[in-house]
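# Results of the structural survey
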Amino acid sequence: LVSALGVGHDATDDELVGPTRVLLGDGERADLVESTLRRLLEERDTADAPWLLAEVVRALGERDPTIVAVDDAHHAPASLRDLLADSRRRVRDLPVLWVEAYRTDDEGAPFDAPPDARVTQLPPLAPPQARALLAAAAAELPRSIAAEILEAAEGNPLFLLETARLVAERGE
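As the structure is a computational prediction, the values presented were derived from the model and not from experiment. (Residues numbered from 1 in each chain as written. Predicted model: local features only at pLDDT ≥ 70, side-chain atom pairs only at ≥ 80, totals over all residues. Heavy atoms only, no water.)

## As for the pattern of salt bridges
- Within this structure, the stated rule accounts for 8 salt bridges.
- The salt bridge involving R58 is made with D93; its shortest N-O contact spans 3.0 Å. With R58 in helix α4 (residues 49-63) and D93 in the loop between α5 (78-90) and β2 (96-100), this pair connects stretches of sequence that are 35 residues apart.
- Its salt-bridge partner being R89, residue D86 comes within 2.4 Å of it at the nearest N-O pair. With D86 and R89 both in helix α5 and 3 residues apart, this pair spans about one turn of that helix.
- Counted as one network, the salt bridges with shared partners bring together R58, E62 and D93. (Salt bridge = Lys/Arg side-chain N within 4 Å of Asp/Glu carboxyl O. Helix = DSSP H or I, 4+ residues; strand = E, 2+ residues; numbered from the N terminus.)

Here it is in structure tokens:
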């Protein structure tokens, strides 16, 4: 939501409400969304969170094709997964693409794709791809350290990039 509204994660309540008003314009719908958002932000009433998210996404989708991206969805509690499912259902008639990234190798992480979802499994990077990614991200790494990172990463691009970043920061 903060990305869609163009504000940072540390935005104040008013910094969230303002862009929402701009997005929705004037009128009864905007007033209702604003009052619901303020109640949600004050944690007085979270029952309307699915409706609120769907209304903001609906307003975006009515204006332009929209992408909603949720990373690490496997960490989301059941209540958030339900909220996302309800919001997806409410904007099904609009040009809104939902992309939810789940890790299936995380033990105990739930993965229940919606019945109408297209699931794309991404395999680990092949060794040539992993070497190319590491070389592009950290060309200055000594060959021996790069080889250790490549072996430990087992094709996981996040592991490759984060390990290379940490090694560069520490000067190892």
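So, next bit.
## Remarks on helix α7 (residues 143-153)
- Where α7 is concerned, the buried positions are I145, A146, I149 and A153. Take α7 and look down its axis: the buried residues cluster within an arc of 100°, on one side only. Turned more than 90 degrees away from the buried face of α7, the exposed residues are R143, E148 and E151.
- In the segment just after α7, E154 is the residue with positive phi, at about 50°. (Buried < 20%, exposed > 50% of the residue type's maximum accessible area, 1.4 Å probe, protein only. Arc of directions from axis to C-beta.)

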